[in-house]
Amino acid sequence: MTLDQDTIQNLAAHLEDAELNVRAVTKITDAHPSLDWDDAYAIQHAIRLRKEARSQRVAGLKAGLTSRAKMKQMGVDVPCFGLIFDYMSVPNGGEIEANKLIHPKVEAEIAFVLKQPLRGPGCHAGAVLAATDFVVPAVEIIDSRYENFRFDLASVIADNTSASRFVVGGVARGVEGLDLRTLGLVMEKNGEIVAMAAGAAVLGHPAVAVAALANHLAARGEEIPAGTFIMSGGATEAISVAAGDAIHVRFQDLGSVSMRFV
Ligand code: OOG
Ligand code: MG
């Protein structure tokens, strides 16, 4: 930690205002070059408290920058973890108002719902699969509050890992008989294929991303409670969208997820 409480509160307000006012800001490490990952998670936590004070609730957890494609696209090589709030949920096939977002991008993800809590350290993919109630296909709409989607790891963690909206669709399936490594997905934008991947793109197996989240929380004395919804991170690079775009992602064995930007 390098920042004092006042600075953490001010940066949380700064970043949340950028979200709520739909206005991009410069990345916070420009003004605070010594800001470290602990500072960044403290800012993210302060954003959580601001939202909870307005009766918004955490609806799930997310891992991000968990695939080579995403790491390469963003120039970052370590995963990050963030929070998904109830107001970010969009029904499958629903509409998303583009003018409420700065510069949205979509990414296809496999989401997990736990039936048992997960506690690190030492959590691994096998423990995640044993604790998983079901998986569902999802699309995350990310919207970095930073100009031109340019950031470093500390900046993006503080910005709640660009979390903005999410859509869950398809069918919920238990992991028995499902190979999440070879599970394929194809993303179409306006009827054209724009990205495709298999589950293994996410750290070799998407359950590894959930294990990494459990281990990250363990370092803070927390666990992932039973019932938690967790997004494991984009398997492909993120695709820019604007008003008028329709997104449709087909997941092998899990059905599809779609939305329109208006
Ligand atoms: C950070 C969020 C990354 C993912 O699935 O990789 C993320 C960003 O790229 O803006 O959610
Ligand atoms: Mg994501």
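Please read these numbers as outputs of a predicted model, since none were measured by experiment.

Hey, could you run me through the coordination of the magnesium ion (ligand 2) in this one?
Ideal donor angles around a metal are set by the shape: a four-donor tetrahedron calls for 109.5 degrees, a six-donor octahedron for 90 or 180 degrees. Surrounding the magnesium ion (ligand 2) are the protein donor atoms Glu-107 (OE), Glu-109 (OE) and Glu-140 (OE), which sit 2.0 Å from the metal. The sequence pattern formed by the donor residues of the magnesium ion (ligand 2) is E-x1-E-x30-E. Pair noted here: Glu-107 is in strand 5 (residues 105-114) and Glu-140 is in strand 6 (residues 132-142), with a separation of 33 residues, a long-range link.

Would you explain the site of ligand 1 in this entry?
The environment of ligand 1 is made up of 17 residues, and the closest members are Leu-65, Lys-70, Glu-107, Ser-162 and Gly-234. Residue Lys-70 places a side-chain N or O atom 2.8 Å away from an oxygen atom belonging to ligand 1. Protein coverage of the free-state accessible area of ligand 1, which is 320 Å², stands at 100%. Breaking the shell around ligand 1 down by element, the ones donating at least two residues are strand 1 (58-64), helix 3 (68-74), strand 5 and strand 6. Element by element, the count of residues in the shell around ligand 1 is highest for strand 1, at three residues.

Would you take a moment to explain unusual backbone geometry for this structure?
Leaving glycine out, the prevailing phi sign among residues is negative, and the prevailing peptide bond configuration is trans. The step from Gly-120 to Pro-121 runs through a cis peptide bond, and the omega angle for that step is -5 degrees. Along the chain, Pro-121 falls in the loop between strand 5 and helix 4 (125-131). Look at Leu-65: it is not a glycine, yet its phi comes out positive at around 55 degrees. As for its position among the elements, Leu-65 is in the loop between strand 1 and helix 3. What makes Leu-65 buried here is its relative accessible area of 6%. The phi angle at Asn-148 is positive, at roughly 55 degrees, despite the residue not being glycine. Inspection of the secondary structure puts Asn-148 in the loop between strand 6 and helix 5 (153-158). Taking relative accessible area as the criterion, Asn-148 reaches 63% and is therefore assigned exposed.

Help me out: how do you make sense of the state of the cysteines in this one?
The bond known as a disulfide is covalent and runs between the sulfur atoms of two cysteines. Within this structure, the stated rule accounts for zero disulfides. Cys-123 supplies the cysteine sulfur nearest to Cys-80, a cysteine that is in no disulfide, at a spacing of 18 Å. Exposure remark for Cys-123: the relative accessible area of 10% places this residue in the buried category.

Sorry, what's going on with the sheet that holds strand 8 (residues 184-189) here?
Note on sheets: strands pair through backbone hydrogen bonds, and any given pair is parallel or antiparallel. Pairing in this open sheet of five strands is mixed, and the strands run 4-13-12-8-9 from one edge to the other. Only two strands of the sheet have a single partner each, and these edge strands are strand 4 (94-96) and strand 9 (192-198). Pairs of neighbouring strands in the sheet enclose a mean axial angle of 20 degrees, with direction left out of account. Two strands pair when backbone bridges link them, and strand 8 and strand 12 (residues 246-251) are joined in this way by five bridges, in the antiparallel orientation. Pairing of Val-186 across the sheet is with Arg-250, part of strand 12.

Where do I start with the environment of Ala-226 in this structure?
Of note, Ala-226 is situated in the loop between helix 6 (206-218) and strand 10 (229-231). For the pair formed by Ala-226 and Glu-16, sequence separation is 210 residues and the distance between their alpha carbons is 29 Å. What Ala-226 contacts, discounting residues up to four positions off in sequence, is Leu-114, Lys-115, Gln-116 and Pro-117.

In this structure, what is going on with the pattern of salt bridges? I would like to understand it.
Scanning the model with the defined rule gives 16 salt bridges in all. Notably, a salt bridge pairs Lys-27 with Asp-30, separated by 2.7 Å at the nearest N-O pair. By relative accessible area, which is 49% here, Asp-30 ends up partly exposed. Between Arg-48 and Glu-52 there is a salt bridge, with the nearest N and O atoms lying 3.0 Å from each other. With Arg-48 and Glu-52 both in helix 2 (residues 37-53) and four residues apart, this pair spans about one turn of that helix.

Thresholds applied
- Residues numbered from 1 in each chain as written.
- Chains lettered and ligands numbered in written order.
- Predicted model: local features only at pLDDT ≥ 70, side-chain atom pairs only at ≥ 80, totals over all residues.
- Heavy atoms only, no water.
- Donors = N, O, S within 2.8 Å, 3.2 Å for Na, K, Ca; no water.
- Helix = DSSP H or I, 4+ residues; strand = E, 2+ residues; numbered from the N terminus.
- Near = heavy atom within 4 Å.
- Polar contact = N/O pair within 3.5 Å; in protein donor to acceptor, adjacent residues only side chain to side chain.
- Areas by Shrake-Rupley, 256 points an atom, 1.4 Å probe, with all protein chains shown as cover.
- Buried < 20%, exposed > 50% of the residue type's maximum accessible area, 1.4 Å probe, protein only.
- Disulfide = S-S within 2.5 Å.
- Pairing = 2+ DSSP bridges.
- Axes fitted to C-alpha atoms, helices over the stretch in contact; angles between N-to-C directions.
- Contact = heavy atoms within 4.5 Å.
- Salt bridge = Lys/Arg side-chain N within 4 Å of Asp/Glu carboxyl O.

Note that every value here comes from positions in space, so none of it alone points to a role or purpose.
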